[in-house]
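Chains, contacts and geometry: an overview
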Amino acid sequence: MLSHPARIPYPAFHILVLAFCFLLTACGKEPFYQEQGYVFGTLVDVSIYGEDEARARAAVSDVMREFQRLHNMLHAWQPSELSELNAAFAKGERKAVSPELAAMLQDAARLSAQSGGLFDPAIGGLIEAWGFQADEFKPVQPDPKLIAQWVARNPQMSDIVIEQGQAWSKNKAVRLDLGGYAKGYALDRAAALLHERGIRNALVNIGGNILALGQHGKRPWRVGIQHPRKSGALASLELHDGEAIGTSGDYQRYFELDGKRYCHLIDPRNGYPVQGVQAVTILTRGPHAGVLSDAASKPLFLSGVSGWRAEARQMELPEAMLVDAQGGIHLTAALQKRLEFADKNVRAEVLP
């Protein structure tokens, strides 16, 4: 039996929410199928345990096709159903919207309200202004007047109205970017497809947002949480059936200018990338564990060291961790019980 980590390539334009080291076992007599692809601007990985190769391959092919379908539907700056809807919003027009996208927008609006507006997919204009609606990011800070204009226009998910199969916005500044929601939604869709095909044991990774089904043999799936400033894992944990884990970090999509790091996580209250936080990791579970793993980490990141714990309670996340700008670790007692840190001497602030 040989145990080895599978390394994830890290090109400059990767959109990674969390880089994971997989701790998987490959044994000659144990059926294990793993396939990788590239969609949503990032690496995706589907691993299936306990099925013959033909059955596993067919199931993974279905999942990969679903991922590509969602990518084509939800792309924020290339032709897609979402970009067409944004164009209609900007003109003050109504636009027919598919039932699936309508349900996504209603769910995203609910999460936005729960977060007090910190999770805000309506600020696509700000994301574009900072240059993050592109495969490669240029180290250019936008005009402060432009940022102030976007903030003053105050686009919010609550501006969107959906009735009788049509959507419109009460605010022409709304420009949807579901980059902080789509990967999580795709995880939940993958879980549903695998269940439909009778696959009971699988691990699905979309750019580091990971959801587990069943187990890896006789033990749970085990994943590692990427250190935000070093190669390798900060910590690892066992991921049980129906659980998902996701991280928002300043090390995935960012540029540096005059010695300062500007990441893609933008505070809608002031229009600027968040400072003072390196990463936030959350553990989620339930029928929408994927969506939560993607969307719910953002409000904690934006709340910073002083507010992340209160925001975690607001988002109903008992298992959460924040790494501050100095590398200090702050986490809930519930998550501490699940983690094994790579550095056995690490010190952390543990909160109830």
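Because the structure is predicted, anything quoted here is derived from the model rather than measured.

1. Examining the side chain of Asp-159
Secondary-structure assignment places Asp-159 in the loop between helix 5 (144-153) and strand 6 (160-163). Although buried, Asp-159 forms no salt bridge, and the nearest oppositely charged side chain, Lys-170, lies 5.5 Å from it.

2. Thoughts on the pattern of salt bridges
When charged atoms on two side chains of opposite charge get close, those side chains can pair. Summed over all chains, the structure comprises 22 salt bridges. Across the pair Asp-62 and Arg-65 runs a salt bridge whose closest N-O atoms are separated by 2.3 Å. Of the two residues, Asp-62 and Arg-65 are both situated in helix 1 (residues 53-74); the distance of 3 residues between them amounts to about one turn of the helix. The exposed category is assigned to Arg-65, whose relative accessible area is 53%. Here Glu-100 makes a salt bridge to Arg-69, at a shortest N to O gap of 2.9 Å. Remark: Arg-69 occurs in helix 1 and Glu-100 occurs in helix 3 (residues 99-114); sequence separation between them is 31 residues. The structure contains a network of salt bridges with shared partners spanning Asp-62, Arg-65, Glu-196 and Arg-197.

3. Thoughts on the nonpolar core
Ile-48, Phe-67, Leu-101, Leu-176, Tyr-181, Leu-194 and Leu-300 are the most contacted members of the largest nonpolar core, which totals 69 residues. Sort the elements by how many residues they give to this core and helix 1 lands first, with 9 residues. The residues contacting Leu-176, other than those within four sequence positions of it, are Ala-76, Leu-82, Leu-85, Asn-86, Phe-89, Leu-105, Pro-121, Ala-122, Met-157 and Ile-160.

4. Structural notes on the UniProt feature "binding site: Mg(2+)" (unreviewed entry) in the chain
The feature "binding site: Mg(2+)" (unreviewed entry), as given by UniProt, occupies Gly-180 and Asp-294 in the numbering adopted here. For the residues just named, distributed over 115 residues, the greatest C-alpha separation is only 5.9 Å, placing them together at one site. Take Gly-180: it is sitting in the loop between strand 7 (166-169) and helix 6 (182-196). Contact partners of Gly-180, with chain neighbours within four places excluded, come to Phe-119, Asp-294, Ala-295 and Lys-298. Counting through the fold element by element, Asp-294 comes out in helix 7 (residues 289-295).

5. Overview of the packing of aromatic side chains
Under the definition given, this model contains 7 aromatic pairs. Consider the rings of Phe-132 and Phe-255, whose centres lie 5.8 Å apart with planes at 25°: the pair is stacked. One end of the pair, Phe-132, is in the loop between helix 4 (124-129) and helix 5; the other, Phe-255, is in strand 13 (residues 254-257), and 123 residues separate them in sequence. Summarising the burial analysis for this pair, Phe-132 and Phe-255 share the class buried. Ring plane angle 25° and centroid distance 5.4 Å describe the contact between Phe-255 and Tyr-262, whose orientation is recorded as stacked. Like Tyr-262, Phe-255 is buried. Clustering of aromatic rings is evident, with ring pairs tying together Trp-130, Phe-132, Phe-137, Phe-255, Tyr-262 and Tyr-272. The lysine or arginine in question, Arg-94, covers the ring of Trp-168, its NZ or CZ lying 3.6 Å from the ring centre. When the ring centre of Trp-150 is taken as origin, the NZ or CZ atom of Arg-153, which lies over that ring, is 5.0 Å away.

Procedures and definitions
Residues numbered from 1 in each chain as written. Predicted model: local features only at pLDDT ≥ 70, side-chain atom pairs only at ≥ 80, totals over all residues. Heavy atoms only, no water. Helix = DSSP H or I, 4+ residues; strand = E, 2+ residues; numbered from the N terminus. Buried < 20%, exposed > 50% of the residue type's maximum accessible area, 1.4 Å probe, protein only. Lys, Arg positive; Asp, Glu negative; His and termini not counted. Salt bridge = Lys/Arg side-chain N within 4 Å of Asp/Glu carboxyl O. Core = buried A, V, L, I, M, F, W, Y, C linked by side-chain atoms within 4.5 Å. Contact = heavy atoms within 4.5 Å. UniProt positions renumbered as here; feature names shortened; annotations may be inferred. Phe/Tyr/Trp six-rings, centres within 6.5 Å; stacked < 30°, edge-to-face > 60°. Lys NZ or Arg CZ within 6 Å of the ring centre and 35° of its normal.

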